[in-house]
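Survey of secondary and tertiary structure
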Amino acid sequence: MKASWAGVFPAVTTKFKRDLSLDIDGMRAHFAWQIESGVDGLIVCGSLGENSALSFDEKLAILRLALEVSSGRVPVLATVAENTTAEAIRAVEAGAKAGADGFMVLPAMRYVSDRRETLTYYRTVAKVCAKPIMVYNNPVAYGVDVTPEMFAELADVAELVAIKESSGNVRRITDLIDLTGTRYALFCGVDDLAMEAMLMGAVGWVAGLVNAFPGETVAIYRFIRDRRIDDALAIYRWFSQLLHLDVSRKLVQNIKLVEALAGVGSEFVRPPRLPLEGDERARIEKTFAIAMQNRSTLPRLAAALRPRALAT
C-alpha cells in the first residue's frame, strides 16, 4: 500500500461552542485556513483533538467535515484511539467508509499491552484496514513503546506506511532508519524536537502549535527540506518557547489558549479538562506576549510558502 505522506500534518484541535457542542463553522474555517497556509495534511480527533471526549458519531462528523473542506487538496487522517481491538476495527471500517485517506492508530487505550500484544494488535487492525496507517508511538503518554526493533518486525505489514515518533528520544529517528531504511515515512510528533528530527531524516511533522502559527510551521519544514537551515533555525529559535507548550499533560489547554490569544480559536474544552487559570494561565499569556514582541517580520517567509487557493 502506498501513501506519499510528508510535510506538516496538523493535529487539529476540536472546536466547541460555549455549550460544548461541536463548533462546525469554527472547524470549517480553521481547517480551510490551515490548508490555505500550506499544510500537507490534516489529522483529526487526535490527542490534541480531545479524542477521548468525543463520541463515535462526533468523530465521524469531524472527519467528514475535514474531508469536505479539503476536497482532495490534502490527505485527511482519522485518529483511532479505542480501548479494544474490536473497537479499533469498527473505527477504521467506519472511517474508510466515510472517505478517510488514512488513519493514525494508537495502541489500545487503558490496557498497557506487552510486545506480543502490541504487535498482534497492529497486525489485526491493519488486516481489515482499506487505507494506509500511521502508527502513533508515544510511550510517555500511553505506556506502550513500539520500538525500532518492533517496527522492523512489522515491516511486512503493507498497510503500515508511516510512524509518528513521539518518544521524546530523537535518537529513535536514526535507529529507525538504521533498522528499516526508507520503509516508513517518519514524522516527528513532538513540537520542540521537530527540527532536530527532520535534520536526522524525518520527512514530516505532526504539529500542535501549527494550530495558531501555520505559516511559521510550514516555513520551518520547507526551509529544512530545501536545505536552507539558517532560515529554518531563525524561525525555530523564535518559536521554541511556544513549541515547549506542546510537551505537557495540559497540551490541549495550552494550545487552545494560544489559539484564543492569537484570535484563531477559543479555549473551550470538554470536562474533565478545564480552561487554564491562575499561574498556569499567566505563564502561557506571558510566553505568548514575549513571542509576539519578538516576532520577526520574517521577510524570507514568503519564499517558503505557496498557499493553496480555496476551492470555489
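Look up a bit, the structure's there.
Residues numbered from 1 in each chain as written. Predicted model: local features only at pLDDT ≥ 70, side-chain atom pairs only at ≥ 80, totals over all residues. Heavy atoms only, no water.

1. Focus on the sheet that holds strand β2 (residues 42-44)
For clarity, the cut-off: Note on pairing: DSSP must find at least two bridges between two strands before they are called paired. A run of DSSP states H or I qualifies as a helix once it reaches four residues; a run of E qualifies as a strand once it reaches two. Both are numbered from the N-terminal end. Axis lines are fitted through C-alpha atoms, for helices just across the contact stretch, and the angle between N-to-C directions can take any value from 0 to 180 degrees. Whether two residues touch is decided by their heavy atoms; if any such pair falls within 4.5 Å, the residues are in contact.
Taken in spatial order, the eight strands make up an open sheet running β1-β8-β7-β6-β5-β4-β3-β2, and their pairing is parallel. Here the strands that pair on one side only, and so sit at the sheet edges, are β1 (7-10) and β2. With direction set aside, neighbouring strand axes in the sheet form an average angle of 25°. Sheet contacts for helix α2 (residues 56-70): β2 and β3 (76-80); angle to β3, the most-contacted strand, approximately 165°.

2. Things to note about the packing of aromatic side chains
As a reminder, the rule being used: Only Phe, Tyr and Trp rings take part, Trp by its six-membered ring, and two of them pair if their centres are within 6.5 Å. Stacked means planes under 30 degrees apart, edge-to-face means over 60, and tilted covers everything else. The buried label applies to any residue whose accessible area, calculated with a 1.4 Å probe on protein chains only, is under 20% of its type's maximum; exposed applies above 50%, and partly exposed to all values in between. Charge over a ring is defined by NZ of Lys or CZ of Arg lying within 6 Å of the ring centre and within 35 degrees of the ring normal.
Tallied over the full model, the rule gives nine aromatic pairs. Seen in terms of ring centroids, Phe-213 and Phe-239 are 5.6 Å apart; in terms of plane orientation they differ by 80°. Their pairing is edge-to-face. With Phe-213 in the loop between β8 (204-207) and α9 (214-225) and Phe-239 in helix α10 (residues 229-243), this residue pair connects regions lying 26 residues apart in the sequence. Exposure remark for Phe-213: the relative accessible area of 2% places this residue in the buried category. The class for Phe-239 is buried, based on a relative accessible area of 0%. One aromatic cluster in this structure is built from Phe-213, Trp-238, Phe-239 and Phe-288. Here the basic side chain of Arg-90 rests over the ring of Phe-56, its NZ or CZ set 3.7 Å away from the ring centre. Here the basic side chain of Lys-164 rests over the ring of Tyr-136, its NZ or CZ set 3.7 Å away from the ring centre.

3. Let's talk about helix α7 (residues 171-180)
Rules: It is the directions from the helix axis to the C-beta atoms whose arc is reported.
Among the residues making up α7, those that are buried are Arg-172, Ile-173, Leu-176 and Thr-180. Within α7, the buried residues cover an arc of 105° as seen down the axis, which keeps them to one side. For α7, exposure combined with an orientation more than 90 degrees from the buried face picks out Arg-171 and Asp-178.

4. Remarks on the side chain of Thr-287
By the element assignment, Thr-287 lies in helix α12 (residues 278-293). A relative accessible area of 16% places Thr-287 in the buried class. Residues contacting Thr-287, with those up to four places away along its chain left out, are Gln-241 and Leu-242.

5. A closer look at the packing of helix α1 (residues 24-36) against α2
Using the following cut-off: Should an angle fall under 35 degrees it is called roughly parallel, over 145 degrees roughly antiparallel, and 65 to 115 degrees roughly perpendicular, with every other angle called oblique. Here a crossing is called left-handed whenever its near helix is offset anticlockwise from the far helix by less than a right angle, and right-handed whenever the offset is clockwise. Only Asp, Glu, Lys and Arg are considered charged in this grouping, and only Ala, Val, Leu, Ile, Met, Phe, Trp, Tyr, Cys and Pro are considered nonpolar; every other residue, Gly among them, is considered polar.
Relative orientation of the contacting elements α1 and α2 amounts to 45°, with a least axis distance of 9 Å. Considering their axes alone, α1 and α2 lie oblique with respect to each other. As α1 packs across α2, the resulting crossing turns out to be right-handed. Across the interface between the two elements, Ile-24, Met-27, Arg-28, Phe-31, Ala-32 and Ile-35 of α1 pack against Ile-62, Leu-65, Ala-66, Glu-68, Val-69 and Ser-70 of α2. Of the residues assigned to the contact of α1 with α2, the class counts are nine nonpolar, one polar and two charged.

6. Brief notes about the side chain of Thr-79
We apply this condition: Under this definition, polar contacts are N or O atom pairs within 3.5 Å; protein pairs additionally need one hydrogen-donor-capable and one acceptor-capable atom, and for neighbouring residues in sequence, both atoms have to be side-chain atoms.
Mapped onto the elements of the fold, Thr-79 is located in strand β3. Given the relative accessible area of 7%, Thr-79 is considered buried. Engagement of the side chain of Thr-79 in a polar contact is seen with the backbone oxygen of Val-44, the distance being 2.8 Å. Engagement of the side chain of Thr-79 in a polar contact is seen with the backbone nitrogen of Gly-46, the distance being 3.4 Å. With residues near it in sequence (within four places) discarded, Thr-79 still touches Ile-43, Val-44, Cys-45, Gly-46, Asn-51, Met-104 and Leu-106.

7. Things to note about helix α3 (residues 85-98)
Let me state the cut-off plainly: To estimate the expected span of a helix, count its residues, drop one, and scale the result by 1.5 Å.
Look at α3: 20 Å from first C-alpha to last across 14 residues, which is about the 20 Å you get at 1.5 Å a residue. Those residues of α3 not exposed but buried are Ala-88, Ile-89, Ala-91, Val-92, Ala-94 and Gly-95. One or two residues past the end of α3 sits Gly-99, with phi positive at roughly 110°.

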